[in-house]
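# Descriptive analysis of the structure
Here are the chains, one letter per residue:
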Amino acid sequence: MGNSRRDFLKIAGLSALGLGIKPTADAFAQGAAPKVSVNPKAIRGKRWAMVINVQKFKEKGPELQKACMEACHSIHNVPHFDNPKQEVKWIWTAEFGHSFPDQERPYLHEFEEDGLKGVPVLVLCNHCENPACVRVCPVKATFQRPDGIVMMDYHRCIGCRYCMAACPYGARSLNWRDPRSLDKDGKPFIKTLNREFPTRTRGVVEKCNFCAERLAVGKMPACVEVCKDNEIVFGDLEDPKSEVRKLLREHFVIRRKPQLGTNPQVYYIV
Amino acid sequence: MYDSGKVIVGIIIFVGMFTFPLWYGVVTKAPLEPPKLEKPAKGKECVESIAFMRSSHMELLDTWRLDVVREGKRIYTSSTGKQYNMSLQNTCLDCHKSKANFCDRCHNYVDVAPKCWECHIQPEFRVDKKVAWRSE
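An account of the accompanying structure is given in this report. (Residues numbered from 1 in each chain as written. Chains lettered and ligands numbered in written order. Predicted model: local features only at pLDDT ≥ 70, side-chain atom pairs only at ≥ 80, totals over all residues.)

### Comments concerning the overall build of chain A
When helices and strands are tallied, chain A shows ten helices and eleven strands. In terms of overall dimensions, chain A is more spread out than a globule: its C-alpha atoms have a radius of gyration of 26 Å, far above the 18 Å expected for 270 residues. Across the 270 residues in chain A, those meeting the buried criterion constitute 34%. (Helix = DSSP H or I, 4+ residues; strand = E, 2+ residues; numbered from the N terminus. Rg over C-alpha atoms; globule rule 2.2 N^0.38 Å. Buried ≥ 20, exposed ≤ 12 C-beta atoms within 10 Å, placed from the backbone.)

Printed below as a string of C-alpha cells:
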C-alpha cells in the first residue's frame, strides 16, 4: 500500500512538471513580445525650466511676442473664442505690474517709467515644482512628469475647473464652447488646423504643455524656436552646464508669485 | 387552470416579443453580412496581426494612450520587430484614410460610439464645417 502511494506521488509530480513545460515552451516560441520605448531622438532632462528675457522682448517690440503666441496657438490648435471671458490661452501677455504684483514697492514707478512700467510680459504655465492644479484635480487628469512638466491627460478631464481656481497664474482655460464649431460670422474658432495634433472638446480644460510632444521628437518648444536671439531659453535646470543655469548664474531673475510656494519654473530676466 | 385561454395567449405573445430579435432577421430576410472595410492603399500589414487588431485594437489603443501621455513612450516595437509611432491620428489614420469607410462601418454595425474623434482629427474633418466630429 505504501509503495503504491509513493508511485502515485511520483507520477503526480512528473505530470505537474509536464504541464508546466507547455506554457514555458510557448513563451519561448512566441518570439519577441511587443515593446514600447522612448524615441531615441527625444530631448531629455531632469527638470525643465524656461528663462524669458523681458528686456530683450521690450527692445524687439510686440511683434515677437505675437509671433510666439501665434506659433504656439496654431501648433496646438488653440481656439480663438470671440468672447474675452471665454478666452483660451496657452501663452499670452500681461503687463509687468500685473504679472508681478508682489514686486510692488515705494517709488517703483520712478524705475518703472523708463524701465518696465506697463511693459507687456510673456506669461504661460509655470510648470511649478509644487503644482496646486495637480493637487486639486479629482480625476488625476493633471499630473506632473518626472522631468517636471505639468501635463494634462485630456481624456480624463471632466471640466470641473478646480485646477483653474487653484492656479495662481491663470494659466488654464476651459473650453466653454465646442472649439471645432464656428463663430457667429461662420468662421472656425481654430484658424489654422494642425492635423498632427488633436483639438480639445467642449468642457475640457487646457494649458501649455512645454511642448512635450515636440521634445519627444527632438524639437525645442515652439515659442523658443521662434525667438532667434535667445529671448526665451529652455533647458534642464539640474544640468549645471545647461544654458538656463548659465543665465541664472549671470543675471538677476524673478519669478511670478514665488511666495505662494509653488516653486514656478519660468524665470524672468529684468 | 382559470382563464387558461387568456394566459396561454399572453404567454405566446410574450415569447413572440421576447424572441423578436432572433426571428425578425430570418422572417424579413434582412442581410446579415459583416461590414466591408476599406483596405488601406499603402502597406500590407497592420501593427499587429489582423486577428489581433480585430479583437483587441481598443485595448491596444488604450495602452498606447497611457504609454504616450503618462510615460512619454511613443515608439511601439511590434511582435514582428517593426517600429511605429504610437499615434491614432498620425499612424493609424495615415493608412486608413477614411474614418467613415473604416472605423464607422464596424462601429455602426456593432453599435458602439467611441469618442476618439471629438478631439483627434479624422482625415475627413474640415474646420469650416459645423460639428464635424459626429458621424458623417
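After that view of the structure, there is still more to cover.
### Thoughts on the overall build of chain B
Looking only at helices and strands, chain B features five helices and two strands. Secondary structure elements in chain B, listed N-terminal to C-terminal, are α-α-α-β-β-α-α. Taken over C-alpha atoms, the radius of gyration comes to 22 Å for chain B, far larger than the 14 Å a tight globule of 136 residues would show. By its C-alpha atoms, chain B is 70 × 40 × 30 Å across when sized along the principal axes. A burial count over chain B gives 14% of its 136 residues as buried. Taking the contacts inside chain B whose residues are at least 6 apart along the sequence as the reference set, 52% of them involve residues at least 24 apart. (Contact = placed C-beta atoms within 7 Å.)

### Observations regarding the nonpolar core
Membership of the largest hydrophobic core comes to 57 residues, with the highest contact counts inside it found for I91(A) and L124(A). Setting aside chain neighbours within four positions, we find I91(A) in contact with C68(A), M69(A), C72(A), L122(A), L124(A), C208(A) and C223(A). Listed in part, the six residues of the second largest apolar core include V47(B), W64(B), V68(B) and M86(B). (Core = buried A, V, L, I, M, F, W, Y, C linked by C-beta atoms within 7 Å.)

### Considerations on the sheet that holds strand β9 (residues 232-236) of chain A
Residues and elements named next belong to chain A. The strand order across the open sheet formed by four strands is β9-β2-β11-β10, and the pairing between neighbours is mixed. Edge strands, defined here as strands with exactly one partner in the open sheet, are β9 and β10 (253-254). Set on the sheet, helix α10 (residues 243-250) makes contact with β2 (48-53), β9, β10 and β11 (266-269); between it and β9 the angle comes to about 115 degrees. (Pairing = 2+ DSSP bridges. Axes fitted to C-alpha atoms, helices over the stretch in contact; angles between N-to-C directions.)

### A few points about the sheet that holds strand β2 (residues 83-85) of chain B
Pairing is antiparallel in the open sheet, where three strands are placed in the order β1(A)-β1(B)-β2(B). Pairing within the sheet leaves two strands with one partner each, and these edge strands are β1 (35-37) of chain A together with β2 of chain B. With strand direction ignored, the average angle separating the axes of adjacent strands in the sheet is 25 degrees. One ladder, built from three bridges, connects β1(A) with strand β1 (residues 75-77) of chain B; its direction is antiparallel. The residue bridging S37(A) from the neighbouring strand is I75(B), located in β1(B).

### Describing the interface of chain B and chain A
Chain B puts 26 residues into the contact, and the matching count from chain A is 27 residues. Residues that form the side of chain B that touches chain A fall into these classes: ten nonpolar, eight polar and eight charged. (Nonpolar A, V, L, I, M, F, W, Y, C, P; charged D, E, K, R; others polar.)

### Focus on the environment of E63(A)
Residue and element names in this part refer to chain A. Among the structural elements, E63 can be located in helix α3 (residues 62-75). With 8 C-beta atoms counted inside 10 Å, the residue E63 sits in the exposed group. When the C-alpha positions of E63 and I158 are compared, they lie 36 Å apart, and in sequence the two are 95 residues distant.

### A look at the pairing of β11(A)
Across four bridges, the pairing between β2(A) and β11(A) is parallel. Along β11(A), the bridge assignment pairs M50(A) with V266(A).

### Some points on the environment of L37(B)
Residues and elements named next belong to chain B. Along the chain, the position of L37 falls in the loop between α2 (20-28) and α3 (50-71). According to the C-beta neighbour criterion, L37 is partly exposed, with 15 such atoms within 10 Å. Sequence separation between L37 and V110 is 73 residues, and the spatial gap between their C-alpha atoms is 14 Å. Beyond its immediate stretch of four places on either side in the chain, L37 contacts F102, R105 and C106.

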